[in-house]
Amino acid sequence: MTTRPQVREVSKIVTAHKQREGGGFIVRRPVPSLGMQLCDPFLLIDEMGPVDYRPGEAVGAPDHPHRGFETVTYVLDGELEHEDSAGHRGALRAGDVQWMTAGAGIIHSEEPSRALRERGGRVHGFQVWVNLPARLKMTTPRYQEIPAAKIPTAETPDGKARVRVVAGQALGARAVIDTHTPIVYQDWSIDDGADFTTPLPADHQALAYVFQGSVRLGDEERPVADGQMAILGPGESVRFRGVPGGGRLLLLAGVPLGEPVARYGPFVMNSEDEIAQAVRDYQSGRMGEITRTAKVD
Ligand code: MN
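For clarity, every value in this text was computed on a predicted model and none was experimentally measured.

Asker: With reference to specific residues and values, describe the overall build of the chain.
Answerer: Per the secondary structure count, the chain includes 2 helices and 24 strands. For the chain, the C-alpha radius of gyration of 19 Å lies close to 19 Å, the compact-globule estimate for 297 residues. With the principal axes as the frame, the chain shows a C-alpha extent of 65 × 45 × 35 Å. Relative to its 297 residues, the chain shows a buried fraction of 53%.

Asker: Pulling in residues and values, what's your account of the coordination of the manganese ion?
Answerer: Every protein donor of the manganese ion is listed here as His64 (NE2), His66 (NE2), His108 (NE2) and Glu110 (OE), and their distances to the metal cover 2.1 to 2.3 Å. Read from N- to C-terminus, the donor residues coordinating the manganese ion fall into the pattern H-x1-H-x41-H-x1-E. One end of the pair, His64, is in strand 5 (residues 61-66); the other, His108, is in strand 10 (residues 106-112), and 44 residues separate them in sequence. Take His64 and His108: they sit in the same class, and that class is buried.

Asker: Tell me what's going on with the environment of Asp226, and back it up with residues and numbers.
Answerer: Mapping Asp226 onto the fold places it in the loop between strand 20 (222-225) and strand 21 (228-232). For the pair Asp226 and Arg248, spaced 22 residues apart in the sequence, the C-alpha separation amounts to 8.3 Å. In this structure the side chain of Asp226 is engaged in a polar contact, spanning 3.4 Å, whose partner is the backbone nitrogen of Gln212.

Asker: Got a sec to walk through the packing of aromatic side chains? Specific residues and values, please.
Answerer: All chains considered together, the criterion is met by 9 aromatic pairs. Taken together, a centroid distance of 6.1 Å and an interplanar angle of 85° make the contact between Tyr74 and Tyr185 edge-to-face. Here the residue Tyr74 occupies a position in strand 6 (residues 69-77), and Tyr185 occupies one in strand 17 (residues 183-190), the gap between them amounting to 111 residues. Across this residue pair, the class does not change: Tyr74 and Tyr185 are buried. By way of ring pairs, the aromatic residues Tyr74, Trp99 and Tyr185 are connected into one cluster.

Asker: I'd like to hear about the pairing of strand 4 (residues 42-53), residue by residue, with values.
Answerer: Taking burial as the measure, the 12 residues of strand 4 include 9 buried ones, the bulk of the element. Across 3 bridges, strand 3 (residues 25-31) lies against strand 4 in antiparallel orientation. In the strand pairing of strand 4, Val27 is matched with Met48.

Asker: Could you give an account of helix 2 (residues 272-283), naming the residues involved and the relevant values?
Answerer: In this model, helix 2 (12 residues) spans 16 Å end to end at C-alpha, consistent with the 16 Å of a helix rising 1.5 Å per residue. Listing the buried residues of helix 2 in full gives Ile275, Ala278 and Asp281. Along the long axis of helix 2, the arc covered by the buried residues comes to 125°, so they all point the same way. Relative to its buried face, helix 2 has exposed residues pointing more than 90 degrees away, namely Glu272, Asp273 and Gln283. Against the buried residues of helix 2 lie strand 23 (262-264) and strand 24 (267-269). Positive phi shows up at Gly285, right after helix 2, with a value of about 85°.

Asker: Run through the nonpolar core, naming residues and quoting values.
Answerer: Trp99, Phe126, Val128, Tyr185, Leu207, Met229 and Leu252 are the most contacted members of the largest nonpolar core, which totals 29 residues. Those residues in contact with Leu207 that sit more than four places away from it in its chain are Cys39, Phe42, Ile45, Met229, Ala230, Ile231, Leu232, Leu250, Leu251 and Leu252. Core analysis: the next-biggest nonpolar cluster, separate from the first, contains 27 residues, Val163, Trp188, Val210 and Leu249 among them.

Asker: Talk me through the pattern of salt bridges; I want residue IDs and the actual numbers.
Answerer: Counted under the stated rule, the structure contains 18 salt bridges. The salt bridge involving Arg29 is made with Glu21; its shortest N-O contact spans 3.1 Å. Using a relative accessible area of 29% as the deciding quantity, one classes Glu21 as partly exposed. Note that Asp52 is salt-bridged to Arg122, the shortest N-O span being 2.9 Å. On the criterion of sequence distance, the pair formed by Asp52 in strand 4 and Arg122 in strand 11 (residues 121-131) is long-range, its members being 70 residues apart. When salt bridges with common partners are traced through the structure, they connect Asp195, Asp219, Glu221, Arg239 and Arg241 into a single cluster.

What counts, and at which threshold
- Residues numbered from 1 in each chain as written.
- Predicted model: local features only at pLDDT ≥ 70, side-chain atom pairs only at ≥ 80, totals over all residues.
- Heavy atoms only, no water.
- Helix = DSSP H or I, 4+ residues; strand = E, 2+ residues; numbered from the N terminus.
- Rg over C-alpha atoms; globule rule 2.2 N^0.38 Å.
- Buried < 20%, exposed > 50% of the residue type's maximum accessible area, 1.4 Å probe, protein only.
- Donors = N, O, S within 2.8 Å, 3.2 Å for Na, K, Ca; no water.
- Polar contact = N/O pair within 3.5 Å; in protein donor to acceptor, adjacent residues only side chain to side chain.
- Phe/Tyr/Trp six-rings, centres within 6.5 Å; stacked < 30°, edge-to-face > 60°.
- Pairing = 2+ DSSP bridges.
- Expected span 1.5 Å × (residues − 1).
- Arc of directions from axis to C-beta.
- Contact = heavy atoms within 4.5 Å.
- Core = buried A, V, L, I, M, F, W, Y, C linked by side-chain atoms within 4.5 Å.
- Salt bridge = Lys/Arg side-chain N within 4 Å of Asp/Glu carboxyl O.

Shape descriptors only; they carry no functional weight alone.
Structure below.
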């Protein structure tokens, strides 16, 4: 008799609420929300859009600081531009990922591209905040920008489920992004008729956020629908089953840090003293500033 890795069952379902962010764009946010302040090590999950902007409408998040964690931006549609106090600037297009370790502190802006602002268009994507352990909160800021073409993809033998592996590994594909702590970040598309099980380390806390259609999870086949996040219980694998119309989800997992969390807006530290220090450092300019050359617009 063969033993099958224990399948994780859904332990809780949280429905994302809508919230206004940055310069006024709307996100769907399953974490933090009532009853789910954090899903250690994940501090925040924001789904931006999908929204179709008319010309002149698109807004982003102008200059703001971060300290003590990582921001992971994954664009599904649209074009976002970013600039920061360390001199990085660039654009993220459909399928691209930016994994930014804010660490000791950075000031950045995240805005729709000029073309998008002028002509309008669709914006859809995610920003996930990954907490850093105390020993890394003041690490040197780091950027990893991975264009869509470099994100490994894989599919099940029957082709009914496909994955883009941003972090971790699945179906034999291994992510190119290096993470400070073990993290799984995967974008799964699951068609009707799919039924497969993928391993997920037992020491990880895991969740699935469905952002299109619906899917069934676990041996219990719990339905999880668009805008819902399923917290997965203990086990060593995740079982997905497709439903008519299919579904798409982010599978996120990581080893819980189990440390105190003190958060204040864009700063996430371990104590209120460290938060006060972050505010002082920001206000006194110790997180730097974005150097801009004169803009034509
Ligand atoms: Mn930011």
